[in-house]
Amino acid sequence: MSVLCTTKRRAKSTRCFSRAAVFAFVLLSFPLGYAQRQTASIARFHHTSWTSDDGLGAVSNIQQSPDGFLWLTTSRGVLRFDGLRFESVQQVTFNAVQDSDILSVFISASGNVWLTTRSAGMLRWKDGVVTAISDRRCTPAGLGGGMIAEENDGSLWFASTTGLTHLQGSSCEVLGPGRGYPGRLPKALFVDRERTVWVVSPSNDLLYKPEGQGTFKPYNATIHSTGTAVAIRQSGTGGIWIADDSGIKRLDTLSQAGSIKVAHNNSPSSRDFTFSADGSLWTVTDDGVSHYSREAVAAASPYLTAAPVETFTVQQGLTSDGVSKLMLDQEGNVWVGTSAGMDSLHRSLLQAVTLPHSQEHEIGLVGGDKDDLWIGSRSMPLTHVAPGGALNGFPEIAKLTCIRRDHNGNIWVGGGGNSSLWRSEGEKFVSVPGPLGDNQPVVALEVDRNNVPWIYTINGLSYRLLNGSWVNVNQELGKKAAVLGSMTSDESGNIWFAFSEKLVEWNGSTFQRYSYPQTLKNISPATMSARNGHVWLAGRGGVDVFFNGQFHQMRWKDRDPIGRVSGVVESYNHGLWINGFSGITHISRAALADWLQNTNSEAVTEHLDASDGLPGFSGDRLPEPSLIEGSDGKIWFATTKGIAFLDPNSMAAQRNKLPPSVKITSILARGKEFPTWKDVVLPIHTTALEADFTALSLSLPQRVLFRYKLENYDKSWQDAGTRRQAFYTGLPPGHYTLHVIACNNDGLWNDTGTFVNLTLLPAFYQTTWFLCLCAVATMVIVWQGYRYRLERMAAAMRTRFGERLDERARVARDLHDTLLQTISVSKLATDQALERPADIAGLKAVLQQLSELLGQAAAEGRAALSALHVSNKASNNLANAIRTAIDESLIDDRMQAELSVDGLVRDIHPIVCDEVYRIAYEGIRNAFTHSEATLLRVNLAYGQDLTLRISDNGRGIDADILHEGKAGHYGLSCIRDRATRIGASLDFKISRPGGTEIILIVPGKAIFLTKGS
């Protein structure tokens, strides 16, 4: 220890070398057969498991119904599974059966769900209807429920407690020697696609019954089984295969003339096996699960003896090596039931390369010219991965910061070891001295068309190698020392530099500079690549592209951001690939061409992550690049946990071509769940509902997308994303159809989807008849209101007409009492004068009288006209109007008149004002005409109410005339009528010895427009 640690610096150097040496030893210990060891793992599949932590116990049987659900027989009962959610039978049947009574389940091809119960024998459930098969002879034996087979006519064969049993309709038959079966429980049971029934008897005899025949026949092949572990399956080509203690053998190569009676020790024994669509075979082994290629299956003669191409054991994450069931679903996914839970395997687009363990850091990689690969990281020295998978390490080249391959095929490596820069020469690497005085790690490098290397160091300095010396080119580039940036080269050998807001091109002789427009967000480029005339720049701000002299920023149709980017590559034939902190983003060739034609549009992308086989995510910008396209067209990705690749040419073949089956599982309204196997009728007062739905795409159920539409309510489809629920509120009663569609993990839509009819029952006040009744009642009310309005209008018109008639009658009375009387007297005097034409003196006296009478008639006519005028002046002129009435009524000096106004004058209603004026005028005129008074007092008082007092000292009014009026005169009655119309109180007082007082009080609310003080 003292030798290794002579100084602190030396000790640090020695420790680093020791770690690298250990890593190199590990790498060199990997044999050349690494590729075979790699393919023997399960790396090409994505593994998911469910255990007791997920509410699942031991799984003894797995079956898939025609609609895509998985039905599981478990230690915790029978469950239905859609890839994300487990449901008990009691939940699925809406309490039609009880979980505690169910032992096992069998799913028929016709969609019938057969349930084995403790108390009720066999139950058949379909479309919400439960049918009991009460004959206990028709109860399958065992808890697994696996020894049941279905013929094409829907009849069932199964091992019951009484032996081999055939259930056809409701008729149950137990087979015996008379039908060619010796009796007791069979060891295996199978119905092939040709409807031949195969049975292994308790004595290991293989029996078969072709379609249409009633008796079983022996098949000359001995079954080697000391227990009950016998399985019979049919391959895609139609061959019958049997697995027993001797191994897995193909039956159609056995001669019925002689049987194979000796076990084949090289063939795996199996408790269960199945065939995939490509002809390969999956089988249960003592260690877990094995996968045999279709070539191995085709070579079986008759036993399967080849080595498996893949194995899946507890070491790879299998929940348990106690495997009880193996099944492939409609999409080709592998499902394994174990004593500890359930496992699922689906083939990944990416295939990870298993590397020796090292501390997790970002890995940089570059492709060689022979389909090989060079990789390394801060904790992994430079490592060569040969096409066959063999690894070769270079421990002296450690702490990688960047790695490149120039156009001559040389590999350049920047790192933090004894030398900051290395270059390959044949099978070895030579150290290239770095810039004098700058021993910082090289973080980016390229070699131009003149074979001149260019580098960035981590302190932001830029150099190129001229005549054996590194020359600082920061000033030529226009780059500040503290700015890191990135660089790349294109197919022509031009070097592109990106930093700050600048992009610089070096064509081997001159620089061409470009600046980001101010309107474009700077993405802080950390990595870049150039191909097909496009310069791609990527960093924490996203991805930009420069072509045709302009910058364009990419926008995504997928709203989920791609995150910080550590690698970007435009493939020759397969679009754009982006490696970032959130996984891989791919834009297909067609989608990229569309976006380049219209860079204002949103690019259509697909996203790949751990579910597709990516080992972790990209974590740092160094070393870079983290994404390359190999010489064979494969796309390689590096993360902190390893590297993986995909072959774009095989992606189409690996796509999920099965559109998902869509199911609406329940409707929840007013706290109650309703099944959807028939039209759903919801109770009254329902305005809100929740619909639960699912889609049976089991490869990557978390990526299934949904759309739904409530017809007669929604105007367009609603995007639910991955959410499997729809919510509605404020729904009126009526008939609706909920339509749901979905797409699988590869975007293939089931445009037909599924639907359920919904009826929201109306309350009585929401029914059509009630609404019609309300409409009729409303029409009647409106009609009655219309009639009432007409009657009111007619009454108002009659009132107005009556007022006009009353006014005409008053005018007539006034004319009769005044003007006509004067004219009559004038006529009488004239007639008398005409009878004595010779009496000149008398004639002169008559003319004098006539002149006076005519003057009086003129005064009376003016008074009548003044009374006809309606007050249309300002509403405060009542006192002025009364003063004018006094002046017009004052004929001679025999009577004096006084007018006084008390209180604050206020605005008054014109109509009421006119009525008060007419009352005042009538009272004043009567006083002048009939009272023979010498003094007239008029007082107008503004208070809470309006008070009008008219008093004189004349001879007064006779009591009879005051109450009954004078024949042929209408003045007093007009005054009373007007007072009544405006709601005023009217009082006549007679003073002693003489005089009359009229008191009119008008309520303030009827006459005043404003509030007084």
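This one's a predicted model, so the numbers in the text were calculated from it and none came from an experiment. Each chain carries its own residue numbering, running from 1 in the direction its sequence is written. Local features in this predicted model are restricted to residues of pLDDT 70 or higher, and side-chain atom pairs are both shown and tallied only at a pLDDT of 80 or more, whereas totals for entire chains, interfaces and linings draw on every residue. Excluded from the side-chain calculation are hydrogens and water; included are all heavy atoms of the structure.

1. A few points about the overall build of the protein
Link 1 in the chain: Numbering of helices and strands runs from the N terminus; a helix is a DSSP stretch of H or I covering at least four residues, while a strand is a stretch of E covering at least two. Regarding its fold elements, the protein presents 14 helices and 69 strands.
Link 2 in the chain: Between buried and exposed lies partly exposed: a residue is buried under 20% and exposed over 50% of the maximum accessible area for its type, with that area taken using a 1.4 Å probe on protein chains only. When each of the 1013 residues of the protein is scored for burial, the buried share is 49%.
Link 3 in the chain: Here the analysis covers contacts within the protein between residues at least 6 apart in sequence; of these, 54% occur between residues at least 24 apart.
Link 4 in the chain: As presented, the protein carries roughly 48700 Å² of accessible surface, and 52% of it is formed by carbon and sulfur atoms. Contacts are assigned to residue pairs with any non-hydrogen atoms lying within 4.5 Å of each other. Method for areas: the Shrake-Rupley scheme with a 1.4 Å probe, in which residue coverage is limited to the protein chains shown.

2. Considering the UniProt feature "transmembrane region" (unreviewed entry) in the protein
Link 1 in the chain: UniProt positions are given in the numbering used here, feature names are shortened, and annotations may be inferred rather than shown by experiment. With numbering matched to this structure, UniProt assigns "transmembrane region" (unreviewed entry) to residues 763-783.
Link 2 in the chain: The span residues 763-783 is 76% helix and 0% strand, and its two end C-alpha atoms sit 28 Å from each other.

3. Side note on the sheet that holds strand S52 (residues 606-608)
Backbone-to-backbone hydrogen bonds pair the strands of a sheet. The strands run either parallel or antiparallel.
Link 1 in the chain: Sheet architecture is open: four strands sit in the order S49-S50-S51-S52, paired in antiparallel fashion. Only two strands of the sheet have a single neighbouring strand rather than two, namely strand S49 (565-570) and S52. Adjacent strand axes in the sheet meet at a mean angle of 20 degrees when their direction is disregarded.
Link 2 in the chain: A pair of strands counts as paired when DSSP detects no fewer than two bridges linking them. Taken together, the five bridges between strand S50 (residues 576-580) and strand S51 (residues 583-587) define a ladder with antiparallel strand orientation. Of the residues in S51, the one forming a bridge with Trp577 is His586. Fitted lines through C-alpha atoms give the axes, limited to the stretch in contact for helices. The angle between two N-to-C directions lies from 0 to 180 degrees.

4. Section: helix H6 (residues 589-597)
Residues separated by three or four positions in an α-helix point in the same direction, a consequence of the helix having 3.6 residues per turn.
Link 1 in the chain: What H6 keeps buried is the set Ala591, Leu592, Trp595 and Leu596. Projected down its long axis, H6 carries its buried residues within an arc of 135 degrees, all on one side. Projecting away from the buried face of H6 at angles above 90 degrees are the exposed residues Arg589, Ala590, Asp594 and Gln597.
Link 2 in the chain: As for H6, its buried residues are in contact with strand S46 (534-539), strand S47 (542-547), strand S48 (550-553), S49, S50 and S51. In this description, the arc belongs to the directions extending from the helix axis to the C-beta atoms.

5. Here we look at the pattern of salt bridges
Link 1 in the chain: A pairing counts as a salt bridge when a side-chain nitrogen of Lys or Arg comes within 4 Å of a carboxyl oxygen of Asp or Glu. Counted by the stated rule, this structure contains 24 salt bridges.
Link 2 in the chain: A salt bridge links Glu310 to Arg44; the shortest N-O distance between them is 2.9 Å. Taken together, the residues span a long stretch of sequence, with Glu310 in strand S24 (residues 310-313) and Arg44 in the loop between helix H2 (34-39) and strand S1 (45-50) at a distance of 266 residues.
Link 3 in the chain: Relative accessible area serves as the criterion here: at 0%, Glu310 is assigned to the buried category.
Link 4 in the chain: In this structure Arg44 comes out as partly exposed when scored by relative accessible area, which is 30%.

6. As for the pairing of strand S4 (residues 77-81)
Link 1 in the chain: Counting buried residues along S4, five of its five residues qualify, which places the element largely inside the surrounding structure.
Link 2 in the chain: Across five bridges, the pairing between strand S3 (residues 70-74) and S4 is antiparallel. Directly across from Leu70, in S4, lies its bridge partner Phe81.
Link 3 in the chain: Following S3, the chain reverses through two residues before pairing antiparallel with S4.
Link 4 in the chain: By the bridge criterion, three bridges tie S4 to strand S5 (residues 86-88) in an arrangement that is antiparallel. Each residue of the ladder has a partner; that of Leu79, found in S5, is Ser88.

7. Points about the nonpolar core
Link 1 in the chain: Here the nonpolar core consists of buried residues drawn from Ala, Val, Leu, Ile, Met, Phe, Trp, Tyr and Cys, with membership extended through side-chain atoms lying within 4.5 Å. Formed by 38 residues in total, the largest nonpolar core has its most connected members in Leu878, Ile882, Val916, Val938, Leu948 and Val1002.
Link 2 in the chain: Those elements giving two or more residues to this core turn out to be helix H10 (878-889), helix H11 (910-930), strand S66 (935-942), strand S67 (946-952), helix H13 (971-981) and strand S69 (996-1002).
Link 3 in the chain: Setting aside chain neighbours within four positions, we find Ile882 in contact with Leu899, Tyr917, Ala920, Ile924, Val938, Leu940 and Leu948.

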